[in-house]
Amino acid sequence: MNRTNTRRTVLGVCAVFGAGGVGTALGQGAADVYPSKVVTVVIPFAPGSTTESDARPLLQHLTESFGKPFVTDFRPGAGGTVGNGYVARATPDAHTLLVITTSFATGIAVREKPPYTAKDFAPVSMLSRRKVILVVTPTLPVNTFPEYLAYAKANPQKLNWGTSGVGSIFHMAGAYLAGLTGTQVTFVHYKGNSQGFIDLVAGRTHVSPMTTFAAQPYLKSGKVRPIAHLSAGRSRMLPDLPSVDELGVKGYDYSGWGAVLTTGNSPAAAVNRLAAAVMAYTRSPEAVARAIKDGYELEGSAPQALGKFIDSEVARWTKVVVDNGIKLND
């Protein structure tokens, strides 16, 4: 997509914000000059993460759309807290962006005194969603989610559920599911997903969430067995696999998601113009096709909608933390 067409697409998306939103903002001075310099896009994880790979084509789109460089700045550490905190303290001019995932909400929820809150950021737009499935080691004598529930209830705390750390999303998703189903599992915490998946394949742990995309090589080789979608609805990759919501755990939905934020109190005109550009990207046929190939779905949103979504996510995971007595050892 060339720059001229991209700019036209951005202007077209502006219409969805209404007369008081981006359409008006574009006529204001702040939006006319934004961005006035290089825009730094913080990735709060190490290079090579799915967050980076999902964000890279967006940054190219924004660079072409605005005619200014949008460059990555990797600030990993503490489950994303280091990078998130950096953006929370940045100059509020919308020239520092942050690409977040589900861990942004769970990280706030699990900390008794989080170093920032959602109010320290200005929501820009939702970016993506990833379907998540529940898989078991093949040695576990269950083939379906109902069989898993029956086994877990008959063998309380004997199922080892692998996580990527105390308070991580895999931990929270497991505690959330156990609470809704009246089951008890033993959480085995790793410093990342890689070792957890190795132990799952070896049978040292028994059950774990996986994104549908990450699970593909394990499924094809028979090293893990899928028993249900943890995400509401089914995925393109596993259309015959039901969700736990379909199977009776009503309201359960854990999906991986990505979104774009900037520093709180940034000019609304600039934020809205950014949102329009992100939404244009999520509706680009080329971007949609690329996302599907890489195992996720693009989903743009207006800033207000993203803000409400993040608030609901923080509230949901805070309840899980309180109900299960989860404490993070910072």
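Residues numbered from 1 in each chain as written. Predicted model: local features only at pLDDT ≥ 70, side-chain atom pairs only at ≥ 80, totals over all residues. Heavy atoms only, no water.

Visitor: Explanation requested: the overall build of the protein chain in the structure shown.
Guide: Looking only at helices and strands, the protein chain features 13 helices and 11 strands. In the protein chain, which comprises 330 residues, the proportion classed as buried is 52%. Across the protein chain, the fraction of contacts at a sequence separation of at least 24, relative to all contacts at a separation of at least 6, is 77%. Of the roughly 14300 Å² that the protein chain leaves accessible, carbon and sulfur atoms contribute 54%. (Helix = DSSP H or I, 4+ residues; strand = E, 2+ residues; numbered from the N terminus. Buried < 20%, exposed > 50% of the residue type's maximum accessible area, 1.4 Å probe, protein only. Contact = heavy atoms within 4.5 Å. Areas by Shrake-Rupley, 256 points an atom, 1.4 Å probe, with all protein chains shown as cover.)

Visitor: So what exactly am I meant to see when it comes to the pairing of strand β8 (residues 207-211) here?
Guide: Here is the key point about a regular strand: its side chains alternate between the two faces of the sheet. The buried fraction of β8 is high, at 4 of 5 residues. Sheet topology note: the strand β5 (residues 132-136)/β8 ladder contains 5 bridges and is antiparallel. Within β8, the residue paired with V135 across the bridge is S208. (Pairing = 2+ DSSP bridges.)

Visitor: How should I be thinking about the sheet that holds strand β4 (residues 121-130) in this particular structure?
Guide: Within a beta sheet, neighbouring strands are joined by backbone hydrogen bonds and run either parallel or antiparallel to one another. Spatially, 6 strands are ordered β2-β1-β3-β10-β4-β11 in an open sheet, and the strand pairing comes out mixed. Among the strands making up the open sheet, the edge pair consists of β2 (70-74) and β11 (297-298). Sheet topology places β4 next to strand β10 (residues 256-263); 8 bridges connect them, and they run antiparallel. From the neighbouring strand, R129 faces β10, where its bridge partner is W257. Set on the sheet, helix α6 (residues 102-110) makes contact with β3 (96-101), β4 and β10; between it and β3 the angle comes to about 85 degrees. (Axes fitted to C-alpha atoms, helices over the stretch in contact; angles between N-to-C directions.)

Visitor: Help me understand the confidence of the model for the protein chain in this model?
Guide: For residues with low pLDDT, the predicted coordinates do not support detailed interpretation. In this model, the protein chain carries a mean pLDDT of 90, and residues with pLDDT of at least 70 account for 90%. With pLDDT under 50 throughout, residues 1-29 is counted as low confidence; its partners more than four residues away or in other chains account for 49 contacts. (pLDDT = per-residue confidence, 0-100.)

Visitor: What's the story with the environment of R225 in this structure? I'm lost.
Guide: As for its position among the elements, R225 is in strand β9 (residues 225-229). Owing to a relative accessible area of 21%, R225 belongs among the partly exposed residues under this scheme. The sequence separation of R225 and T139 amounts to 86 residues, and the corresponding C-alpha distance is 9.5 Å. In this structure, R225 is in contact with L134, V135, V136, T137, P138, L140, V142 and N143, ignoring residues within four places of it in sequence.

Visitor: Please explain the packing of aromatic side chains as it appears in this structure.
Guide: By convention here, two paired aromatic rings are described through the distance between centres and the angle between planes. Applying the stated criterion across every chain, the model contains 11 aromatic pairs. Ring plane angle 25 degrees and centroid distance 5.9 Å describe the contact between F145 and Y148, whose orientation is recorded as stacked. Residue F145 and its partner Y148 are both found in helix α7 (residues 145-154); the two are separated by 3 residues, about one turn of the helix. Each member of the pair, F145 together with Y148, is buried. Positioned above the aromatic ring of Y86 is the side chain of R75, whose terminal nitrogen or guanidinium carbon lies 3.6 Å from the ring centre. (Phe/Tyr/Trp six-rings, centres within 6.5 Å; stacked < 30°, edge-to-face > 60°. Lys NZ or Arg CZ within 6 Å of the ring centre and 35° of its normal.)

Visitor: Just checking my understanding: could you explain the side chain of S208 for this structure?
Guide: Tracing the backbone through its elements, the reader meets S208 in strand β8. Assessed through its relative accessible area of 4%, S208 is described here as buried. Non-local contacts of S208, meaning those with residues more than four positions away in its chain, are made with I133, L134, V135, G162, F170, F197 and L200.

Visitor: Help me out: how do you make sense of the pattern of salt bridges in this one?
Guide: Charged atoms that come close allow side chains of opposite charge to pair. Taken as a whole and assessed by the stated rule, the structure comprises 11 salt bridges. E52 serves as the salt-bridge partner of R56, at 3.2 Å between the closest nitrogen and oxygen. Here E52 and R56 lie together in helix α4 (residues 50-66), a separation of 4 residues that amounts to about one turn. With a closest N to O distance of 2.7 Å, E313 and R316 form a salt bridge. Here E313 and its partner R316 are both found in helix α13 (residues 303-324), 3 residues apart, which amounts to about one turn of the helix. (Salt bridge = Lys/Arg side-chain N within 4 Å of Asp/Glu carboxyl O.)

Visitor: Even after reading the chapter, I still don't get the side chain of T96, so can you show me in this structure?
Guide: Note on placement: T96 falls in strand β3. Apart from the residues lying within four places of it in its own chain, the contact partners of T96 are T40, V42, Y86, V87, A90, L261, T262 and T263.

Visitor: I would appreciate a short explanation of unusual backbone geometry in the present structure.
Guide: Negative phi is the rule for most residues except glycine; trans is the rule for most peptide bonds. Along the chain, Y34 connects to P35 via a cis peptide bond; the corresponding omega equals -10 degrees. With respect to the helices and strands, P35 occurs in the loop between α3 (29-32) and β1 (39-43). Backbone geometry places A78, a non-glycine residue, at a positive phi of 55 degrees. Mapped onto the fold, A78 is located in the loop between β2 and α5 (81-88). Even without a glycine there, the phi angle at Q157 is positive, about 65 degrees. Along the chain, Q157 falls in the loop between α7 and β6 (160-163).

Visitor: Quick question: what am I supposed to make of helix α9 (residues 193-202) here?
Guide: Given 3.6 residues to a turn, an α-helix orients residues that are three or four positions apart in the same direction. Those residues of α9 that fall on the buried side of the exposure criterion are G196, F197, D199 and L200. Buried positions in α9, seen along its axis, are confined to an arc of 165 degrees and lie on one side of it. If you follow the buried residues of α9, they end up packed against β5, α8 (169-181), β8 and α10 (212-220). (Arc of directions from axis to C-beta.)

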